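Structural characterization, general
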Amino acid sequence: MRRCGSAALDLCYVACGRFDGFWELKLKPWDVAAGALIVEEACGSVSSFDGGPFDMFAGKALASNGLIHEQMIAVLRGVTD
């Protein structure tokens, strides 16, 4: 597990393939809005922890390269803030 300190940078790393996945709690919309769009444009996946639609106002995000998204959801199932 690596943490760079910036959710936006971590999401860009998912989009470019440097990271396979990313999840975080206690996020603000400005932390994730642009990064989530970049992941989606790079054919990755962004969702809530339970696999539902991504909501930048929910305070949490799960992003992946798309290949491991279901496995990440299974690992994070039951995680609450």
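Here is what the cut-offs are and how they apply
- Residues numbered from 1 in each chain as written.
- Predicted model: local features only at pLDDT ≥ 70, side-chain atom pairs only at ≥ 80, totals over all residues.
- Heavy atoms only, no water.
- Axes fitted to C-alpha atoms, helices over the stretch in contact; angles between N-to-C directions.
- Helix = DSSP H or I, 4+ residues; strand = E, 2+ residues; numbered from the N terminus.
- Parallel < 35°, antiparallel > 145°, perpendicular 65-115°, else oblique.
- Contact = heavy atoms within 4.5 Å.
- Core = buried A, V, L, I, M, F, W, Y, C linked by side-chain atoms within 4.5 Å.
- Buried < 20%, exposed > 50% of the residue type's maximum accessible area, 1.4 Å probe, protein only.
- Pairing = 2+ DSSP bridges.

This part is about the packing of helix 1 (residues 7–16) against helix 2 (residues 29–41). The interhelical angle for the contact between helix 1 and helix 2, taken along N-to-C directions, is 5°, at an axis separation of 8 Å. If you check the angle between helix 1 and helix 2, you find them roughly parallel. Counted together, Ala7, Ala8, Leu11, Cys12, Val14 and Ala15 of helix 1 and Asp31, Val32, Gly35, Ala36, Ile38 and Val39 of helix 2 form the full contact between these two elements.

What follows is about the nonpolar core. Ranked by internal contacts, the top residues of the largest apolar core, which has 13 residues, are Leu11 and Val39. Every element with two or more residues in this core is listed here: helix 1, helix 2 and strand 3 (60–64). Considering every element that reaches this core, the biggest residue donor is helix 1, with 4 residues. Judged by nonpolar contacts, the second largest core, of 5 residues, contains Phe49, Met72, Ile73 and Leu76.

Each regular strand carries side chains that alternate between the two faces of the sheet. Across the 5 residues that make up strand 3, a large majority, 4, are buried. Bridge count between strand 1 (residues 21–25) and strand 3: 5 bridges; the pairing is antiparallel. By the bridge assignment for strand 3, Glu24 is matched with Ala61. In this sheet, strand 3 lies alongside strand 2 (residues 45–47) in antiparallel orientation, the contact comprising 3 bridges. Note on strand 3: the bridge partner recorded for Ser47 is Leu62.

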